[in-house]
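Examination of the molecular architecture
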Amino acid sequence: MGGWDGLAIMIAVGVGFGAVSIFISSFIGPRNPTPEKMAPYECGMPPVGDARERQSVKFYLIAMIFLLFDIEIAFLGPWAMSIRQLGWPGFVQIVVFFLILVVGYVYVWRKGVLDWGPEHDPDYVHAPSPGPAVIKRYRYGTRN
Amino acid sequence: MFDFITPELIVYVSIVGTVFMGLQIGAAVMVYAERKVAALIQQRLGPTLVGPKGVLQPIADIVKLVFKEDLRPKAADAALFLAAPVISVAAAYIAFAPVPFGAASTFFGLLDQPMPLLVADVNVAVLVVFAVASMGVYGIVLAGWASNSKYSLLGGLRSSAQMISYELSYGLSLATVILMANSMSFRAIVDQQAGYFFEVIPRWNVFWMFPLGLVAFGVYAIAGLAETNRAPFDFPEAEQELVAGYHTEYSSMAFAMFFLAEYINMITVSAVATNLFLGGWHGPFLPAEYGWIWFLIKLAVLLFCYLWIRWTLPRFRYDQLMAFGWKVLLPVATVNLIAVAAGVLYFGL
C-alpha cells in the first residue's frame, strides 16, 4: 500500500473521474443536434474540405530529432545516479558523448531544421520597405 | 469481519481523497484566482456577482458546463474524441501521485509508523513524473486529430512540437537535480534540503553552488511553462490565431476536463518545483508536523507567478518559441548539467 499500487489507484481515480463526469453530463445536457452544430467550426462559414491534409514537414523533422535527443536524456538518468562511483572517468565519458552529439546538433542547426520563421526560407521574398510617401500617409492619414 | 480496516488503511484512503479533492479544489481556486489576478493587473473588478466577491464563480461555471449540450462534429472520430479529455485529465491526476506534500507524519500518534503524505511512494518518483507529464501530450494531440477541424489539428500539432521540444530541457533540469541530490525520490531530495548554508541561506537546491542551482531552476521554470501550455507559450490554444486550438470542438464536461487538466498540470509542475528546488516542506518557525503549511505557501507563490507571467508577457511568435527552446534553453541546460557534474566531483559532495 502506498508504493507502485498507489500509482494504479491514481490511474483508476483519474480515468474513472474523467469518464464518469463526461458520461453524466451527456445525460443531463440537452440533445437537439442540427447540421450546423455538427459541422466543425470555421468562423461561421461552411467548412471547406477535410482538416486532415498535409502539414508542414517541420513537424516531422522535430519529432525525429526529438527521438535522438531524448535517448540522450534517457542515458543521463542512470549516469547522474552513479556519477559519484564513476568519478572523473565517467565525467570524461559523458563529455565525449555530448561532443559526438554536438556534431549532429550543429548539422541539424546548419541545415535549418530549427528555423521556423519565413526569413530563413530561401524562397521567401520580403515585402518592399515602405517609401517616405507611404510612411507619411501612414502617420498623418490621407487628408493632410 | 472488518479486520482489514486498520488505522493505516483509513489514513491512506484519506490521503488519496485529499489529493483527489485537493487537486479539484486547487483547480477551482486557480480559476477564480486567474480571473481576479487578471482583473487586478488590468484594473478591472473581475467576477463579483456569484457569492461574496464572486468566490463561487468556479462552481457556477462547472454547473453551467454540466447542463450544456455535448456536441461532436459529424466527421469526428467518435472513440478518440471521447477518449482524449479522459486521457488528459487522467495523466494530470497520475502525475501528482508520486509528489509528496508534507513530511511523514504519525497523525498525532494515531499510527505506529509515520506515514508519508503522498499517494505513491516510489523510489524513482522524479522519473515517474517526467514520464507521466509527457503522456499529457497524447490527450491534446488526439483531441486535435479526432475533432477533424482545421484549428484543432493545427493546435494539436503545434502543441506536440512544442511539448517535445521543451521536454528535453525539462528532462535535463530534472537530471541536474538528480545529480545534485544523488537520489530520484522526492522525499530523499527534500530531506537533503533541510538546514542552512553558512547558517543563513536555506540549503535549497536553488541556492546550490550559486548560480548553478539557480540556472537549473530557471530552465525548469521556463520548460514547465511550455510543458503546461501557459502564456507566453500558449500556442496550442492561441485564441487570436486558432480560436481555441485543440479544444475548439469540445463543449460541456469534455471541455471542462481539458480545463481541469491544464490547472492540475500547473499545480503539479509547481509542486515538483517546490520539492526539487525550494526545499519542499522545510521552513522556519513551524514543527515538522506542520511542514505542509510551508509547502502550500511556496506552492501558492509559484502559482501566483504563473498568473502574473500570463497577464504580463505577450505571446511569443512560433519560430521564436522553437528557436528559443532548441538554440538557447537546450545548450544552457546541457552546459549547466556538465558544470554541476564537475562541481559534484571536484568538491566531493
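Overview of the structure.

On to the overall build of chain B. The helix and strand tally for chain B stands at 11 helices and two strands. For chain B, the sequential pattern of α-helices and β-strands runs α-α-α-α-α-α-β-β-α-α-α-α-α. For chain B, the C-alpha atoms occupy an extent of roughly 60 × 60 × 45 Å along the three principal directions. Pairs at least 24 residues apart make up 75% of the contacts formed inside chain B by residues separated by at least 6 positions. For chain B, the exposed surface amounts to about 14,200 Å²; the carbon and sulfur share of it is 71%. The centroid of the 18 positive side-chain charges in chain B is displaced by 11 Å from the centroid of its 21 negative side-chain charges.

All names here are of chain B. Note that F107 resides in the loop between helix 3 (78-96) and helix 4 (125-147). Using a relative accessible area of 28% as the deciding quantity, one classes F107 as partly exposed. Counting along the chain gives 96 residues from F107 to V11, while the straight-line C-alpha distance between them is 8.6 Å. With residues near it in sequence (within four places) discarded, F107 still touches V11, I15 and L117.

A separate point is the packing of aromatic side chains. One pass over the full model with this rule turns up 25 aromatic pairs over all chains. Aromatic side chains F75 of chain A and F97 of chain A sit 5.7 Å apart centroid to centroid with 90° between the ring planes, which places their arrangement in the edge-to-face category. Classification of F97 of chain A by relative accessible area gives partly exposed; the value is 25%. Ring plane angle 90° and centroid distance 5.2 Å describe the contact between Y346 of chain B and F347 of chain B, whose orientation is recorded as edge-to-face. Classification of Y346 of chain B as exposed rests on a relative accessible area of 64%. Every member of this aromatic cluster is reached through a ring pair, and the members are F130, Y170, F217, Y220 and F277 of chain B.

What counts, and where the lines are drawn
- For every chain, the first residue of the written sequence is number 1, and numbering continues from 1 along that sequence.
- Each chain takes a letter, starting from A, and each ligand takes a number, starting from 1, following the order in which they are written.
- Note on the predicted model: pLDDT of at least 70 is required for a residue's local features to be given, and 80 or more for side-chain atom pairs to be given and counted; whole-chain, interface and lining totals, by contrast, use all residues.
- Only hydrogens and water are removed before side-chain values are computed, so all heavy atoms of the structure are retained for them.
- Strands here mean DSSP runs of E at least two residues long; helices mean DSSP runs of H or I at least four residues long; both are numbered from the N terminus.
- We call two residues in contact whenever any of their non-hydrogen atoms come within 4.5 Å of each other.
- Only the protein chains shown count as covering a residue, and every accessible area follows the Shrake-Rupley method with a 1.4 Å probe.
- None of His or the chain ends enter the tally, which takes Lys and Arg as positive and Asp and Glu as negative.
- Throughout, a charge is located at the NZ atom of Lys, the CZ atom of Arg, the CG atom of Asp or the CD atom of Glu.
- Type-normalised accessible area, obtained with a 1.4 Å probe on protein chains alone, sets the label of each residue: buried when under 20%, exposed when over 50%, and partly exposed for intermediate values.
- Pairing of aromatic side chains requires ring centres within 6.5 Å, counting the rings of Phe and Tyr and the six-membered ring of Trp. Pairs whose planes differ by under 30 degrees are stacked, by over 60 edge-to-face, and all others tilted.

By themselves, these observations are geometric and do not establish any function.
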